[in-house]
Amino acid sequence: MKTLVVLESNRGFLHRLSKEAIVAAQSLGGKVSAIILGKDAEIVASELENIKLEEILIVKNEYVDSYNADGYTEIISRIIQKESPENIVLGHTYQTRDFAPRLSARLNIPFIPDIIFKSEERFTKQVFNSKLNASIKCLNEQKILSFQSAAFSEEDLIPGDNKTRLLDITIDSSLIRS
C-alpha cells in the first residue's frame with residue numbers, strides 16, 4: 001500500500017473529514033487502504049463499501065472501543081511498522097491533533113498538519129494565524145499528513161470496490177495511561 005488513511009468514527013458513523021481524507025489520499029496516487037478502530041468499526045467500514053480502496057483494516061480491541069490516544073497510538077504505530085505506507089493521511093480533527101504528534105514522535109515520521117492544498121509533491125498550510133501560506137516539500141520516504149476541512153470534497157470520492165481485513169492486535173494494559 002502506498003497510502004493509509006486513518007478513519008474516524010463519529011458515534012458510529014464515518015466522520016465527514018475522514019471522507020475528505022480518503023479523497024486526499026486518492027489524489028496522491030497509488031494504492032490506498034484505510035483503517036478504522038473501535039467497537040463500531042464494521043458499521044463504519046460498511047459506509048465505504050462502494051468506494052475504491054485496496055482494503056479497509058478493522059481493529060477491535062477493548063482499549064480502543066472508544067477513542068483513547070494511548071491505544072490509538074500503539075495500534076496504529078504497529079500497523080504502520082508492519083505495512084510501511086509511504087503516506088499516512090488523516091482529516092485534521094481534535095482527535096488527530098491529540099494522537100498524530102505522538103505517532104510522529106514514536107515512529108520518527110514527520111507530521112505535516114493543517115494542509116489546505118496539495119500540488120505535485122508540495123503541501124500548502126497556513127501559518128501565523130492564517131496570515132501567510134507556507135509551501136512544504138517533505139524529503140522523507142514516509143510522512144503523516146492531516147488535511148483541513150474542505151481542502152477536498154467528499155463528492156470527489158472515487159467509486160469502486162474494496163475488501164475488509166480484521167486485525168487482531170493485543171496490547172498490554174500498562175501502555176494505556178489515560
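Everything numeric in this text was worked out from a predicted model, so none of it was measured. (Residues numbered from 1 in each chain as written. Predicted model: local features only at pLDDT ≥ 70, side-chain atom pairs only at ≥ 80, totals over all residues. Heavy atoms only, no water.)

(A) Highlighting the overall build of the protein. The number of helices and strands found in the protein is four helices and 11 strands. Taken against the 2.2 N^0.38 rule, which gives 16 Å for 178 residues, the C-alpha radius of gyration of the protein at 15 Å falls within 12% of a compact globule. Principal axes of the C-alpha set define a box for the protein whose edges measure 45 × 35 × 30 Å. Every one of the 178 residues in the protein was classed for burial, and the buried ones make up 49%. Partitioning the contacts of the protein with sequence separation of at least 6, the portion at a separation of at least 24 is 72%. On the protein, roughly 9200 Å² of surface is accessible, and the fraction owed to carbon and sulfur atoms is 45%. (Helix = DSSP H or I, 4+ residues; strand = E, 2+ residues; numbered from the N terminus. Rg over C-alpha atoms; globule rule 2.2 N^0.38 Å. Buried < 20%, exposed > 50% of the residue type's maximum accessible area, 1.4 Å probe, protein only. Contact = heavy atoms within 4.5 Å. Areas by Shrake-Rupley, 256 points an atom, 1.4 Å probe, with all protein chains shown as cover.)

(B) Local environment of the sheet that holds strand β9 (residues 132-137). Spatially, β9-β8-β7-β10-β6-β1-β4-β5-β11 is the arrangement adopted by the nine strands of the open sheet, whose pairing is mixed. The open sheet has two edge strands with one neighbour each: β9 and β11 (163-167). Across the sheet, the mean angle separating the axes of adjacent strands is 35° when strand polarity is ignored. One ladder, built from six bridges, connects strand β8 (residues 122-127) with β9; its direction is antiparallel. Paired with Val127 across the bridge in β9 is Leu132. Each of β1 (3-6), β4 (32-37), β5 (55-59), β6 (87-91) and β11 touches helix α3 (residues 69-83); the most contacted strand, β4, lies at about 155° to it. (Pairing = 2+ DSSP bridges. Axes fitted to C-alpha atoms, helices over the stretch in contact; angles between N-to-C directions.)

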